[in-house]
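Chain residues, written in single-letter form:
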Amino acid sequence: MEKVMMWKPELETMPREKLLEHQLQLFRKQMAYVYERAPFYRRKFDEAGVRPEHIKTLEDVSKIPFTVKDELRRSQEKSPPFGDFHCISPEQGVRVFQTTGTTGIPVRSLLSKKDWLEVYYDQFMYFMYGYGITKADSIFIPFNYGLYLAWWGIHSSFEQGGVLVIPGGGQSSEDRIKNILEWKPTVVCGTPTYILFLGETAKKMGVDLSKTTVRIVITAGEPGAQVPSTKKLIETTWGAKNYDDIGSTEISNFGFECVAQMGTHIIESMFLVEVIDPVTGKTLGPSQEGELVLTNLCCESMPLIRWRMGDVVKVDIKKCDCGRTFLRLEGGIIGRADDMFQFGGVNIFPSAIENFVRETKEFSNEYQVIAPKMGSGKHLRIRVEPSSPSLSKEEMDRAVKAFKEIFKFRIGVSPDVEVVKIGELPRFEGKAKRVIRET
Ligand SMILES: [Zn+2]
């Protein structure tokens with residue numbers, strides 16, 4: 001394990017009972033604040049008959065209604081551009097961001113100077129120290145600076161933290177590789193897919209990235225860093241450690257992987273974590289797989305209360321080898337709650353299968369999942385195509401074997417894998433229907 005560093009050791013190693021007490025105080029304060037400032041929350045809480053003074057314990061939090069993305073969209077449609085869920089006036093804002101809108105109309109967020117320069121900074125210092133990054137490091141950020149939060153937070157906060165920031169926007173991938181060679185950064189960030197694409201680009205240019213100065217690769221936006229085969233591929237390609245970063249534009253970045261690499265820590269001094277059954281909304285205990293629900297405990301611009309992430313996670317509250325008591329998400333984000341199906345008593349996410357397929361370079365991006373009838377005794381069947389006609393049978397057999405291993409490891413089910421001819425699987429425009437349930 002690399003050397004452990006902490007931003008706020010007293011909070012990061014606080015015994016859990018004390019940490020929960022700390023969260024309760026912050027939660028009560030935050031709830032009273034949004035009730036007073038945001039018509040959106042006042043309306044919701046009044047409708048549910050719950051007021052800030054009703055929250056006396058963390059169990060009472062379950063009396064408060066959840067907040068979902070559609071409500072934010074509706075609020076912004078009604079009162080554009082920011083809706084009525086912000087707690088600051090537009091004049092107080094210094095930064096705007098919006099979500100990518102891949103699942104509908106984008107949500108816009110406005111941030112105050114305090115949030116952008118102090119609260120975000122504080123959050124990202126947990127990341128910086130957690131990854132073992134110091135002022136002696138420099139980070140190359142290959143990112144198209146735009147309306148999405150993505151790497152803006154790390155850029156601004158690491159800069160404030162004394163790290164040399166090399167902005168890699170507005171460049172081709174080849175130029176980015178050249179810049180990495182020229183500027184000699186020690187840290188690089190990106191989505192796992194893009195980080196691996198940069199690896200391919202470098203290879204074509206005859207550059208061996210594992211021989212560069214880069215010692216840490218931070219990845220976000222996809223589960224890659226927590227999928228063992230992807231992590232290994234990133235680490236060998238770059239000759240660097242790969243650490244996970246989790247966040248979203250609405251709630252900002254809340255999770256980082258420490259140098260012990262035992263899952264993704266959530267900054268519990270700034271976020272309240274709940275895991276619920278995605279169907280019933282009931283609170284689940286630690287180690288139970290369910291939907292992640294978060295509350296911003298510290299920001300002032302648009303704190304989200306009981307925000308349903310739509311992501312499925314499994315929480316481990318045992319102390320980490322790094323010494324932190326902040327809980328960890330085992331395997332990071334496991335999948336999306338809305339596209340889950342059940343097989344053999346296990347919840348399975350098409351997005352997880354998709355990740356495994358796409359991580360296997362011998363497979364094309366197309367796949368089909370056939371879920372047999374319950375009790376039929378048949379295995380789950382996954383149909384894939386080779387990515388190139390030049391692959392030999394031995395190469396495909398090896399790829400299928402590795403795919404089955406990671407599938408069993410991550411999902412707990414052994415599938416049958418059938419390799420079909422290139423072009424045999426259906427192609428989709430728009431939303432793909434890849435799971436076939438046998439009846
Ligand atoms: Zn740790």
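Residues numbered from 1 in each chain as written. Predicted model: local features only at pLDDT ≥ 70, side-chain atom pairs only at ≥ 80, totals over all residues. Heavy atoms only, no water.

1. Re the environment of Met128
So, point 1. Note on placement: Met128 falls in helix H5 (residues 113-130).
So, point 2. Every residue in contact with Met128, bar those within four places of it in the chain, is listed here: Ile133, Thr134, Lys135, Phe158, Gly161 and Val163. (Helix = DSSP H or I, 4+ residues; strand = E, 2+ residues; numbered from the N terminus. Contact = heavy atoms within 4.5 Å.)

2. Overview of the coordination of the zinc ion
So, point 1. Here the zinc ion is held by the protein donor atoms Cys258 (SG), His265 (NE2), Cys320 (SG) and Cys322 (SG), which lie 2.1 to 2.3 Å from it.
So, point 2. Classification of the site at the zinc ion rests on its four donor atoms, whose angles at the metal span 103 to 113°, yielding the label tetrahedral.
So, point 3. Here the donor residues of the zinc ion are spaced in sequence according to C-x6-H-x54-C-x1-C. Taken together, the positions of His265 in strand E9 (residues 264-266) and Cys322 in the loop between strand E13 (315-316) and strand E14 (328-329) put the pair 57 residues apart, joining distant regions of the chain.
So, point 4. Accessibility expressed as a relative area gives 0% for His265, which makes it buried.
So, point 5. Accessibility expressed as a relative area gives 7% for Cys322, which makes it buried. (Donors = N, O, S within 2.8 Å, 3.2 Å for Na, K, Ca; no water. Tetrahedral: all angles 85-135°; square planar, octahedral: opposite > 155°, others 65-115°. Buried < 20%, exposed > 50% of the residue type's maximum accessible area, 1.4 Å probe, protein only.)

3. Observations concerning helix H8 (residues 192-204)
So, point 1. Here H8 spans 19 Å end to end across 13 residues, near enough to the 18 Å set by a 1.5 Å rise per residue.
So, point 2. Within H8 the residues assigned to the buried category are Pro192, Tyr194, Ile195, Leu198, Gly199, Thr201 and Ala202.
So, point 3. In this structure, the buried residues of H8 make contact with helix H7 (173-183), strand E5 (187-190), strand E6 (216-220) and helix H9 (228-238).
So, point 4. Residue Gly206 follows H8 closely and has a positive phi angle near 80°. (Expected span 1.5 Å × (residues − 1).)

4. Some points on the packing of aromatic side chains
A ring pair, where both rings are aromatic, is described by two values, the distance of the centres and the angle of the planes.
So, point 1. Summed over all chains, the structure comprises 22 aromatic pairs.
So, point 2. Judged by centre distance (5.4 Å) and plane angle (55°), the ring pair of Trp116 and Tyr120 falls under tilted. Taken together, the positions of Trp116 and Tyr120, both in helix H5 and four residues apart, correspond to about one turn of that helix. The pair formed by Trp116 and Tyr120 is uniform in burial state, with each residue classed as buried.
So, point 3. Judged by centre distance (5.1 Å) and plane angle (45°), the ring pair of Phe124 and Phe127 falls under tilted. Of this pair, Phe124 and Phe127 both sit in helix H5, three residues apart, which is roughly one turn of that helix. (Phe/Tyr/Trp six-rings, centres within 6.5 Å; stacked < 30°, edge-to-face > 60°.)

5. Regarding the domain arrangement of the protein chain
You'll often see interface size given as the accessible area lost when the parts meet.
So, point 1. By the assigned domains, the protein chain splits into domain 1 (1-337) and domain 2 (341-437).
So, point 2. A separation of 30 Å is found between the C-alpha centroids of domain 1 and domain 2.
So, point 3. Carbon and sulfur atoms make up 57% of the area that domain 1 and domain 2 hide from each other, which totals about 850 Å².
So, point 4. Broken down residue by residue, the surface that domain 1 buries against domain 2 is led by Val227, Pro228 and Ile334, which jointly contribute 38%. (Domains from an automatic or database assignment. Buried area = accessible area lost by both parts, 1.4 Å probe.)

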